[in-house]
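# Descriptive structure summary
In case you want the letters, here they are:
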Amino acid sequence: MNTATTAEALGKPVPVLSFSPVVLSVPGRPVDLQLRVSAPATGTGLPVILLSHGHGTSNNLSSLNGYAPLANFWAAHGFVVVQPTHLTSSTLTHLVADAPGAPDFWRSRAEDMTHVLDRLDEIENAVPQLAGRIDHTKVALAGHSLGGFTAALLLGAGLTDPDTGNVVHLAEPRIKAGVLLAAPGRGGDVLNGPMAEQWPIIGAVDFSTMTTPALVVAGDKDDPRHFTDMGPHWHADPYTLAPGPKTLLTLFGAEHGLGGIAGYDAAETTDENPERVAALAQLTAAYLHTQLHPGASTWQIAYKALTAGPGPIGQVEFK
């Protein structure tokens, strides 16, 4: 990948301010909503990326303390990154194990992001040196694994509530674009792995109404056999089954950690690859920059650099 060209398109990185926890008291939530906010030290009119964590084996990666390889890069290149600790986090299990919605907290996870947007002024004023620097009209969303599931709901996917049978829509119109990283795919007959009965919510999503523009990222070695025997292409379902405009980025050789995006030197990263993580950080930043700044050529430059020349790190499809 021609990283120099992509880096030029994104601009020179700047120092990052990271502040946590920003604590929001939410009525009815069993514990306060805690956030990490990372922002560039300079600049105004800054767009926002909401980042939804997954549900990994490490305690703190599935919280506001995870995903530093992405959050730091995005913030250094002009985004304000807001990371909540969802109720699924291992850091909260001892406090919320018996709370309504456990263990998947699918509705709460999506509602966390709506609370953030409802109180963005409050968050902005709580972080030193950030007040007045955010563009509230430019909001994007990214999520990894279970966070990708949460992102799908906020981008417009429907969900059949396993408890009631009713179809639920939690689309958040203030979110203009999204990135789904190793997200779960379809349900139905294909959801036949050993984890399918434990997590029925995973198969309850209908991508046909997920209309918000999104980049779907899938690793071609990300085998979801614990959910399905469909193989790695299951993770492309949010692209395949959703209406356009959508973009699919398939990363060559990538497993579920996509090279190690959940944290620096994370032991559970089975496909550790710093080059892949760096490329993915650049590509996701470029995609969201172009989506939030229509007419910008950042994404076009980035994906062409990805697919051109020897040793491409992946391939891109559009619809």
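Above this text is the structure in question.
### A short note on the environment of Ile123
Positionally, Ile123 belongs in helix 5 (residues 120-126). On the basis of relative accessibility, which here comes to 2%, the residue Ile123 falls in the buried class. Sequence separation between Ile123 and Val82 is 41 residues; the distance between their C-alpha atoms is 9.3 Å.

### Regarding the packing of aromatic side chains
According to the stated counting rule, one finds four aromatic pairs in the structure shown. An angle of 40° between the planes, with centres 5.4 Å apart, marks the rings of Trp299 and Tyr303 as tilted. Residue Trp299 and its partner Tyr303 are located together in helix 9 (residues 298-307), separated by four residues, close to a single helical turn. For the pair Trp299 and Tyr303, a shared accessibility class is recorded, and that class is buried.

### Here's the deal with the pairing of strand 8 (residues 177-181)
For strand 8, the buried fraction is high: five of the five residues fall into the buried class. Of the two faces of strand 8, the one holding Ala177, Val179 and Leu181 and the one holding Gly178 and Leu180 are both buried throughout. Where strand 5 (residues 134-144) lies against strand 8, five bridges are found, and the strand directions are parallel. Bridge pairing in strand 8 links Leu141 to Gly178.

### Some thoughts on the side chain of Arg276
With respect to the element layout, Arg276 can be found in helix 8 (residues 274-292). Not counting chain neighbours up to four residues away, the residues in contact with Arg276 comprise Leu251, Phe252, Gly253, Ala254, Leu258, Gly259, Asp271 and Ile313.

### Remarks on the pattern of salt bridges
Enumeration according to the criterion identifies eight salt bridges in this entry. For the salt bridge of Asp112 with Arg29, the shortest nitrogen-to-oxygen distance reads 3.0 Å. Note that Asp112 is positioned in helix 4 (residues 106-118) and Arg29 in the loop between strand 1 (16-24) and strand 2 (33-40), a separation of 83 residues in sequence. A relative accessible area of 11% places Arg29 in the buried class. Measuring nitrogen to oxygen at the nearest pair gives 2.9 Å for the salt bridge that ties Arg186 to Asp237.

Cut-offs used in this document
Residues numbered from 1 in each chain as written. Predicted model: local features only at pLDDT ≥ 70, side-chain atom pairs only at ≥ 80, totals over all residues. Heavy atoms only, no water. Helix = DSSP H or I, 4+ residues; strand = E, 2+ residues; numbered from the N terminus. Buried < 20%, exposed > 50% of the residue type's maximum accessible area, 1.4 Å probe, protein only. Phe/Tyr/Trp six-rings, centres within 6.5 Å; stacked < 30°, edge-to-face > 60°. Pairing = 2+ DSSP bridges. Contact = heavy atoms within 4.5 Å. Salt bridge = Lys/Arg side-chain N within 4 Å of Asp/Glu carboxyl O.

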